[in-house]
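# Structure assessment
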Amino acid sequence: MPRLTFGAWVEDAVDWLQSNLTWIFDFIKTVLGGMYDGVNAVLSGGEPLLMAGILAVIAFWLRGIVPAALTFVGFALIDSLDLWDEAMATLSLVVVAAVITIVIAVPMGIWAARNSRVSAALRPVLDVMQTMPAFVYLIPGVMFFGVGVTPGVIATIVFAMPPGVRMTELGIRQVDGELVEAAAAFGTTPKHTLTRVQLPLALPTIMAGINQVIMLALSMVVIGGMAGAGGLGEKVYAAITQLQVGLAAESGIAVVILAMYLDRMTGALNERVSPLGRRAAAKAAAGARKLRFTHYKPGTAVAMTGVIVLALVAGGLNIAGSAGSGGAQAGGTDVGKGQKINMGYIPWDEGIASTFLWKEILEQRGFETGMTQLDAGPLYSGVARGDVDFQTDSWLPTTHKDYWDKYSDQLDDMGAWYGPTSLELTVPSYVKGIDSLEDLKGQGKKFDGKIIGIESSAGMMGTLNKKVLKDYGLDGEYKVVSSSTSSMLAELNRSIQKKEPVVVTLWSPHWAYDKYDLKKLKDPKGAWGKGEQVHTVAHKGFAKKSPAVAKWLKDFKLSEKQLTSLENEIQNAGEGKEQDGVRAWLKKNPGLVDKLAPVPGGAKKQGKDAGKTVNLGYFPWDEAIASTYLWENMLEDRGYKTSVKQLDPGPLYTGLSQGQLDVQFDSWLPTTHKEYWERYKDKLTDLGSWYGPTSLELTVPSYVKGIDSLEDLKGQGKKFGNKIIGIESSAGMMGILNDKVLKAYGLDGEYKVVSSSTSSMLAELNRSIQKKEPVVTTLWSPHWAYAKHDLKKLKDPKGAWGKGDEIHTVAKKDFAKDFPELTGWLKDFKLTDAQLSSLEAEIQKGGAGNEKESARHWMDANPDVIDKLAPVKG
């Protein structure tokens, strides 16, 4: 039999359609994109819990109070997993695709039921649509519409339509023929026979078909994530390709909750719209003797009222939130981008002052803040659990020693920002001749024999009575008056107003030193003891969650003058107006915010094309992930807007050639991606190589002595268990290793190459290193393992591995015209092996979902990188 070139015919047809019917595809894309944007704006526009309430009311109307409660819990769980936006995006795709599918499928099913020829013609078409692998539908979708929502919707419509057509046809054909004949005998027109006899009786079957349409739509929408459709599909796809079990489990749970909700609600809808369904539901409710209230379902008007009320509340909150967000961060200062930072504080003056100072700074930098006042015990416990991100008033090593010892394994000390603290006796500056504790002796009458103290339980009061007075011979001459901190300050204020001599207990830091002109009495004998340092303490993992803030806190310092003046400003503002006091203080200290919280990497310098949106694409290779998120951070710092999509190489190159994406950073040329480059090069721009040459290699840990070259492996097989740990058997390097490298060095009889997976190979490498065992593995450069472990690349003097590729930045055709400034940056873009491997290692350390934050962390550790890679003049 001669070979049929069916595939070539299909490709020719696709090429013709692309060349001649682009306007139709653009129109369809605009319509479907507009529908999706509208639905998504509604579903994701309100507060998540209010939207969950609306969905619960619908469940109450359709199924009762218990399903309604479970609905609310399920969607609240999605919100708690931080997947609400993705879930609503997926639900939007399902709604759009399902509505279009139903609008097409039901009329076609009716037509097929009433016309045998149509039914016969549709059957093989539906067979193909239903049995064709779902992934196949994505290919023409991407080819015709580019990456994004539209190919996902189109593929979903095609995939989900067969059950809708078949079940509609089946339902109408199953209607008793005698009923149809009776209707005709009584003079019923064919139209009314359909609408008044056949459709009502077929409705349960039709609704079952609609249920299947929606469920298939959901399954296909998830697959559509491979084409950049977004939502939960994108999360699941990213988890699969990066072997992130946790992310996959969380995303999978969200998909399951959506599926269960859609399945139960569409199944129950039959009871509301079908006479037979309503009759069955009424019979079931009447027969329920116990827990009758669980069978109660509100009327349509009541349910609609509840939905409308919740929708109005959600809309009102959304409008209020939009109005309240008008103070957008200027330039590149929006570092936080809405990230929530929770702070706690002990109600001590320096704790209040420093916490409200950081609240103001963080909000100016684009973070959302939460604050909780607690006693020291609950505060340390809250920070240790992660309920509170950080607190700024840890007195160490003495005052808070017990708390630190108890929770130190769960805390990170961000360093001291003030110190040393001190305890002292103080007099107003107008009291002459009293400059030291020694000067108080014999001067008791001047102060009426009193030292005004604070709470008798305070530690400094014990030190004063038991040590200070005795060391300076004052215990018979002076009486320490116990009162309260507020009473002591009131007495100090009264005495100063009257210019009367007074000696009081005080400590540094304290706002009284800024408000009044006071003298700290010197302590030449050191009776008060050594002072402490005031530290910032955060929970373990805070630096990973918010590396920029962690760096700011580590560098945070205030002088005594700054702190006491800040405390005084807050005192003047009054209780409840602490942040107003901070703002007033910052106005008197211009430039301090930029000093305490410098925008990472000089991000305040705006690029010439700031404001433009750059669409970045990548496939899940380590160097692609690293370079993409590095540039996302740098572009945002330079004032650009960004969009990032993960795709396979085929859709990625297609998206670039069609202008759907602007640039990607991982083109391996001239070999690995040769086919893609040859196919699309007329529609792409090569901006040059930023890393290279790449290399394939065998690697051993550095503690394996005497093995530095592939030649050294010969005769050493027993040391390595006669195994070389490889990756996927389908990988190109595995073929080169078996067919060429082993033979070139005479190793093919001595070593067996163990095929596994990349993750398994890395796990074996890690296990061997932990046990200090010899191991030889396949590896390649660039790879983060070289930054994480101390490894040796085995030399290849015979060149058996061949020459490496260069990693290029490739953009759409008109990229230089649209982004002239960025084009210049990317043409000069270079990373060394050490830079790239350390960046990859930081991203691996950060874990899935934190790639952007991890890249930012690396930038913070390399503060000059942005000015070198994205220089702005002036």
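Residues numbered from 1 in each chain as written. Predicted model: local features only at pLDDT ≥ 70, side-chain atom pairs only at ≥ 80, totals over all residues. Heavy atoms only, no water.

Along the chain, the regular secondary structure elements total 36 helices and 20 strands. For the chain, the proportion of its 874 residues judged to be buried stands at 48%. Carbon and sulfur atoms form 57% of the exposed surface of the chain, whose accessible area is close to 40,700 Å². (Helix = DSSP H or I, 4+ residues; strand = E, 2+ residues; numbered from the N terminus. Buried < 20%, exposed > 50% of the residue type's maximum accessible area, 1.4 Å probe, protein only. Areas by Shrake-Rupley, 256 points an atom, 1.4 Å probe, with all protein chains shown as cover.)

Attention shifts here to the pairing of strand E1 (residues 340–345). Sheet topology note: the E1/strand E2 (residues 368–373) ladder contains 6 bridges and is parallel. Note that in E2 the partner of lysine 340 across the bridge is glutamate 368. Handedness of the E1-helix H15 (residues 349–364)-E2 crossover: right-handed. (Pairing = 2+ DSSP bridges. Right-handed = clockwise from strand over helix to strand, strands pointing away.)

Grouped together as the largest cluster of nonpolar side chains are 44 residues, with contacts concentrated most on Phe75 and Ile78. Of all the secondary structure elements, the ones that give two or more residues to this core are helix H3 (48–62), helix H4 (65–80), helix H5 (84–114), helix H8 (149–173), helix H10 (190–223) and helix H12 (245–273). Top contributing element to this core by residue count: H10, with 10 residues. Residue contacts for isoleucine 78: discarding those within four places in its chain leaves Leu83, Trp84, Ala87, Ala254 and Ile257. (Core = buried A, V, L, I, M, F, W, Y, C linked by side-chain atoms within 4.5 Å. Contact = heavy atoms within 4.5 Å.)

For the rest of this paragraph, the subject is the environment of valine 663. The residue valine 663 is located in strand E13 (residues 663–669) in this model. For valine 663, a relative accessible area of 1% corresponds to the buried category. Here valine 663 is in contact with Val614, Asn615, Leu616, Gly617, Leu656, Thr809, Val810, Ala811, Phe815 and Leu826, once residues within four sequence places are set aside.

With that out of the way, let us pick up the side chain of asparagine 568. Its location among the elements puts asparagine 568 in helix H23 (residues 560–573). Separated by 2.9 Å, the side chains of asparagine 568 and aspartate 514 make a polar contact. Among all residues touching asparagine 568, those that are not within four sequence positions of it are Trp511, Asp514 and Lys515. (Polar contact = N/O pair within 3.5 Å; in protein donor to acceptor, adjacent residues only side chain to side chain.)

Enumeration over the complete set of coordinates arrives at 21 aromatic pairs. Ring plane angle 85 degrees and centroid distance 6.3 Å describe the contact between phenylalanine 367 and tryptophan 552, whose orientation is recorded as edge-to-face. Highlighted residues: phenylalanine 367 in the loop between H15 and E2 and tryptophan 552 in helix H22 (residues 547–555), separated in sequence by 185 residues. Looking at tryptophan 552, the relative accessible area reads 3%, which means it is buried. Ring pairing ties together the aromatic residues Trp631, Phe665, Trp690, Tyr691 and Phe829, which thus form one cluster. Directly above the ring of tyrosine 472 sits lysine 525, whose terminal nitrogen or CZ lies 4.9 Å from the centroid. Above the plane of the ring of tyrosine 786 lies lysine 793, whose end atom (NZ or CZ) is 4.9 Å from the centre. (Phe/Tyr/Trp six-rings, centres within 6.5 Å; stacked < 30°, edge-to-face > 60°. Lys NZ or Arg CZ within 6 Å of the ring centre and 35° of its normal.)

Right, let's talk about the packing of helix H34 (residues 833–846) against helix H35 (residues 851–861) for a bit. Relative orientation of the contacting elements H34 and H35 amounts to 135 degrees, with a least axis distance of 8 Å. By the angle between their axes, H34 is oblique relative to H35. Crossing handedness for the pair H34 and H35: right-handed. For the pair H34 and H35, contact is made by Gln835, Ser838, Leu839, Glu842, Ile843 and Gly846 and by Glu851, Ser854, Ala855, His857 and Trp858, respectively. (Axes fitted to C-alpha atoms, helices over the stretch in contact; angles between N-to-C directions. Parallel < 35°, antiparallel > 145°, perpendicular 65-115°, else oblique. Left-handed = near helix turned anticlockwise from the far one by under 90°.)

Moving on, we get to the confidence of the model for the chain. Counting all residues, the mean pLDDT for the chain is 85, and 89% of those residues have values of 70 or more. When the criterion is pLDDT under 50, residues 319–332 qualifies, and its contacts beyond four places in sequence or with other chains add up to 10 contacts. (pLDDT = per-residue confidence, 0-100.)

Right, let's get into helix H2 (residues 22–45). The end-to-end C-alpha separation of H2 is 33 Å, in line with the 34 Å expected for 24 residues at 1.5 Å each. If you check which residues of H2 are buried, you get Phe25, Leu32, Gly33, Tyr36, Asn40 and Leu43. (Expected span 1.5 Å × (residues − 1).)

For the bond from leucine 396 to proline 397, the omega torsion is 20 degrees, close enough to zero to count as cis. Position of proline 397 among the secondary structure elements: in the loop between strand E3 (390–396) and helix H17 (401–407). Cis geometry is found at the peptide bond from leucine 669 to proline 670, where omega equals 15 degrees. Residue position: proline 670 is located in the loop between E13 and helix H28 (674–680).

Turning to the pairing of strand E20 (residues 806–812), a few remarks are in order. Among the 7 residues that make up E20, 6 are buried, leaving the element largely enclosed by the rest of the structure. Strand direction decides the pairing type here: E13 and E20, joined by 5 bridges, are antiparallel. Residue glutamine 664 lies in a different strand from E20, and its bridge partner there is valine 810.

What follows covers the side chain of lysine 812. Topologically, lysine 812 is positioned in strand E20. For lysine 812, a relative accessible area of 13% translates into the label buried. Polar side-chain contacts of lysine 812 include one of 2.9 Å to the side chain of aspartate 662. Residue contacts for lysine 812: discarding those within four places in its chain leaves Leu656, Gly659, Leu661, Asp662, Lys683, Leu684, Thr685 and Asp818.

Across the 10 residues that make up helix H16 (residues 376–385), a large majority, 7, are buried. Summarising the contacts, the buried residues of H16 are in contact with E1, E3, H17, strand E4 (411–418) and strand E10 (533–539). Positive phi shows up at glycine 386, right after H16, with a value of about 95 degrees.

Time to look at the packing of H3 against H4. Remark: H3 packs on H4, axes separated minimally by 8 Å, with the N-to-C direction vectors making an angle of 155 degrees. As summarised for this structure, H3 and H4 are arranged roughly antiparallel, according to the angle between their axes. For the pair H3 and H4, the crossing hand works out as right-handed. Residue-level inspection shows Pro48, Leu49, Ala52, Gly53, Leu55, Ala56, Ala59 and Phe60 of H3 in contact with H4, the latter providing Ile65, Pro67, Ala68, Thr71, Phe72, Phe75, Ala76 and Asp79.

With that settled, the discussion passes to the environment of aspartate 448. Here aspartate 448 is to be found in the loop between strand E5 (422–428) and strand E6 (450–452). With relative accessibility at 57%, the residue aspartate 448 sits in the exposed group. The sequence separation of aspartate 448 and lysine 479 amounts to 31 residues, and the corresponding C-alpha distance is 9.3 Å.

Proximity of charged atoms lets side chains of opposite charge pair with each other. This model, assessed by the stated rule, comprises 29 salt bridges. Two residues, lysine 467 and aspartate 471, come together in a salt bridge whose shortest N-O distance is 3.2 Å. Of this pair, lysine 467 and aspartate 471 both sit in helix H18 (residues 459–471), 4 residues apart, which is roughly one turn of that helix. Exposure remark for lysine 467: the relative accessible area of 39% places this residue in the partly exposed category. Taking relative accessible area as the criterion, aspartate 471 reaches 30% and is therefore assigned partly exposed. Linked through salt bridges whose partners overlap, the residues forming this network are Glu360, Asp580 and Arg583. (Salt bridge = Lys/Arg side-chain N within 4 Å of Asp/Glu carboxyl O.)

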